[in-house]
Amino acid sequence: MINASLQHFCNRIIAAGAVSLEDVRELHRMVLPDGLTCRDEADMLFGLDRAIPQADEAFGDWLVAAIVDFAVWGERPTGHIDADTAHWLAASLACGRGPTATGARIAVEVVREAETNDPALIRFALHANRARAGAEDAVEEILSYAVAA
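Residues numbered from 1 in each chain as written. Predicted model: local features only at pLDDT ≥ 70, side-chain atom pairs only at ≥ 80, totals over all residues. Heavy atoms only, no water.

### Let's talk about the overall build of the protein
Move 1: Within the protein, the secondary structure is distributed over eight helices and four strands.
Move 2: Secondary structure elements in the protein, listed N-terminal to C-terminal, are α-β-α-α-β-α-β-α-α-β-α-α.
Move 3: Buried residues in the protein amount to 46% of all 149 residues.
Move 4: A sequence separation of at least 24 residues applies to 68% of the contacts in the protein between residues at least 6 apart.
Move 5: Accessible surface, the protein: about 7600 Å² in total, of which carbon and sulfur atoms supply 53%. (Helix = DSSP H or I, 4+ residues; strand = E, 2+ residues; numbered from the N terminus. Buried < 20%, exposed > 50% of the residue type's maximum accessible area, 1.4 Å probe, protein only. Contact = heavy atoms within 4.5 Å. Areas by Shrake-Rupley, 256 points an atom, 1.4 Å probe, with all protein chains shown as cover.)

Now the structure itself:
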């Protein structure tokens, strides 16, 4: 179930058309002080990332950290990305059109942080980051994690 404060926050940001540094601070300190509690909250924030073209860089940084914490350490099995979580992340981040730049970062950071990863998420992260400038470094790093896993 989605936190009512998060719903209100997202509605306000959509109406404003931008996410400021102050908005990110509010999100972190008041709206989700304990982080994400469910996939629906993560999905809502993925939608916000897609919908707002003007977002302070801090929003992307916060969203990456929050999703990594939730997906790797909040979901079960702890520290491992299983098939269910990998498919959820890939589908939610892609949203039928491919991930945003922040979504691609999230995929890479989840792969980096998790002790083990389902191959579906590794494939998604590789594909998502090939399209980004300088993706060669990300691809090489993801491949090194895949080989180690």
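### Thoughts on the packing of helix α5 (residues 83-94) against helix α7 (residues 119-130)
Move 1: Across the interface, α5 lies against α7 with an axial gap of 8 Å and an inter-helix angle of 25°. Our classification of the angle between α5 and α7 gives roughly parallel. The element α5 and its partner α7 pack so that their crossing is left-handed. Of the residues in α7, those in contact with Ala86, His87, Leu89, Ala90, Leu93 and Ala94 of α5 are Ala120, Leu121 and Phe124.
Move 2: Residues belonging to the contact of α5 with α7 are distributed by class as follows: eight nonpolar, one polar and no charged. (Axes fitted to C-alpha atoms, helices over the stretch in contact; angles between N-to-C directions. Parallel < 35°, antiparallel > 145°, perpendicular 65-115°, else oblique. Left-handed = near helix turned anticlockwise from the far one by under 90°. Nonpolar A, V, L, I, M, F, W, Y, C, P; charged D, E, K, R; others polar.)

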